[in-house]
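These are the residues of each chain, in order.
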Amino acid sequence: MGKKRIDEAIQGVLQQGNKVFVPYIMAGDGGLEKLADQISFLEKSGATVVELGIPFSDPVADGPTIQEAGIRALSNGTTLEKVLDTLKGSKASRSIPIVLMTYFNLIFVYGVERFAEECEAAGVDGVIIPDLPLEEEELVVPALSKHEIALIRLAAPTSPRSRLEEIAKRTEGFLYAVTVKGTTGARSEYEEGVAGYLKELKSLSSAPVLAGFGVSTPEHVQSLSRHCDGVIVGSKIVRALADEKPDDIKELINAAKHADVKMA
């Protein structure tokens, strides 16, 4: 379980010559009773891993679309504990790996050891903690390692090479390559230099490199995938679920499945 399940899912996709697609959804947006069906839909549509956001009152990495989804989820009474309980209830019916994206404050209040233990019980395979720097990781690493939960690190284009090297060396599951300077959210185009940045991360990381932040069109999926192992799509998925447009999601996933491009 845990890191191993993420590794196997990603390698299975890459070995078929496809690119990895990780959709992000906000737990509790529309009600937690919909969560199992949302995950099942993404799994059947060809997603590789599901990134599941935990709503938080001060989400520093999130753009407007995901912030609004978080507000809706909080207004529905969504909590970390309720999300984990919901995942426990649907654990037997899913095989796709689950990665939680949550801020450290929620883990700290919940209790680090308890969090790791409950993640394992709920079938969570990895976590992303965007506000936890390398220097503070020992607050969570022992507990996560004990329960075989992967800690997925984020790399930023503003970081010096020495720091990127350390992040790439430590990451588990995959390396999350932040491709923009700013928060999440759909964008029409990427800044110059993204291709070189992704290639650099590929040269530094033994783990797969996935590009995220701002990926919102099939063209983005294909163009970014030329330089890394796949993509993470958040705001576009969140909006499509809220607007009940499943075909928009399938189109994005298919762009990764049929990318059929070699890394330049």
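Residues numbered from 1 in each chain as written. Predicted model: local features only at pLDDT ≥ 70, side-chain atom pairs only at ≥ 80, totals over all residues. Heavy atoms only, no water.

(A) Up close: the overall build of the protein. The number of helices and strands found in the protein is twelve helices and nine strands. Whereas a compact globule of 264 residues would reach a radius of gyration of roughly 18 Å, the protein reaches 17 Å, a difference of no more than 12%. Taken along the three principal axes of its C-alpha coordinates, the protein extends 45 × 40 × 35 Å. Long-range contacts, defined here as pairs at least 24 residues apart, represent 74% of the contacts in the protein between residues at least 6 apart. Here the protein contributes 29 positive and 38 negative side-chain charges, whose respective centroids are spaced 4 Å apart. (Helix = DSSP H or I, 4+ residues; strand = E, 2+ residues; numbered from the N terminus. Rg over C-alpha atoms; globule rule 2.2 N^0.38 Å. Contact = heavy atoms within 4.5 Å. Lys, Arg positive; Asp, Glu negative; His and termini not counted. Charge placed at Lys NZ, Arg CZ, Asp CG, Glu CD.)

(B) The UniProt feature "active site" (unreviewed entry) in the protein, seen in detail. With numbering matched to this structure, UniProt assigns "active site" (unreviewed entry) to Glu51 and Asp62. By the element assignment, Glu51 lies in strand E2 (residues 50–53). Accessibility expressed as a relative area gives 3% for Glu51, which makes it buried. Discounting residues that sit within four places of it in the chain, Glu51 has contacts with Val22, Pro23, Tyr24, Ile25, Val99, Met101, Ile128, Tyr176 and Ile232. Looking at the element boundaries, Asp62 is found in the loop between E2 and helix H3 (64–75). Residue class for Asp62 comes out buried when judged on its relative accessible area of 6%. (UniProt positions renumbered as here; feature names shortened; annotations may be inferred. Buried < 20%, exposed > 50% of the residue type's maximum accessible area, 1.4 Å probe, protein only.)

(C) Spotlight on the pairing of E2. What you see with E2 is no split at all: Val50 and Leu52 on one side and Glu51 and Gly53 on the other are buried throughout. In this structure, strand E1 (residues 20–26) lies alongside E2, joined through three bridges in parallel fashion. Looking at E2, one finds that Ile25 is bridged to Leu52. Sheet topology places E2 next to strand E3 (residues 98–101); four bridges connect them, and they run parallel. Residue Glu51 lies in a different strand from E3, and its bridge partner there is Val99. (Pairing = 2+ DSSP bridges.)

(D) Quick look at the pattern of salt bridges. Tallied over the entire structure, the rule returns 16 salt bridges. Among the ionic pairs, Glu135 bridges to Arg163, the shortest N-O distance being 2.9 Å. Pair noted here: Glu135 is in the loop between strand E4 (126–128) and helix H7 (141–146) and Arg163 is in helix H8 (residues 161–170), with a separation of 28 residues, a long-range link. Between Glu166 and Arg170 there is a salt bridge whose closest N-O contact spans 2.9 Å. Pair noted here: Glu166 and Arg170 are both in helix H8, with a separation of four residues, about one helical turn. (Salt bridge = Lys/Arg side-chain N within 4 Å of Asp/Glu carboxyl O.)

(E) Up close: the nonpolar core. In terms of nonpolar packing, the biggest core is built from 89 residues, with Phe21, Leu52, Leu87, Ile98, Leu100 and Phe115 touching the most fellow members. Per element, the largest residue contribution to this core is six residues, and it comes from E1. Beyond its immediate stretch of four places on either side in the chain, Ile98 contacts Arg5, Ile39, Val50, Leu52, Leu87, Gly123, Val124, Asp125 and Gly126. (Core = buried A, V, L, I, M, F, W, Y, C linked by side-chain atoms within 4.5 Å.)

(F) The arrangement of the sheet that holds strand E5 (residues 150–152) in detail. Read across the sheet, nine strands follow the order E5-E4-E3-E2-E1-E9-E8-E7-E6 without closing on themselves; strand pairing throughout is parallel. A single partner strand is all that each edge strand has here, and the edge strands are E5 and strand E6 (154–155). Across two bridges, E6 lies against strand E7 (residues 175–178) in parallel orientation. Each residue of the ladder has a partner; that of Ala155, found in E7, is Ala177. Of the strands in this sheet, E1 and strand E9 (230–233) are in contact with helix H11 (residues 235–242), which crosses E1 at around 55 degrees. (Axes fitted to C-alpha atoms, helices over the stretch in contact; angles between N-to-C directions.)

(G) Structural detail: the packing of aromatic side chains. Overall, the coordinates contain three aromatic pairs when judged by the stated rule. Between the NZ or CZ atom of Arg114 and the centre of the ring of Tyr110, over which it lies, the distance is 3.7 Å. (Phe/Tyr/Trp six-rings, centres within 6.5 Å; stacked < 30°, edge-to-face > 60°. Lys NZ or Arg CZ within 6 Å of the ring centre and 35° of its normal.)

(H) Spotlight on helix H9 (residues 194–204). Within the span of H9, buried status applies to Val194, Tyr197, Leu198 and Leu201. Buried residues of H9 fall within an arc of 95 degrees about the axis and therefore sit on the same side. Against E6, H8, E7, strand E8 (209–212) and helix H10 (218–225) lie the buried residues of H9. (Arc of directions from axis to C-beta.)

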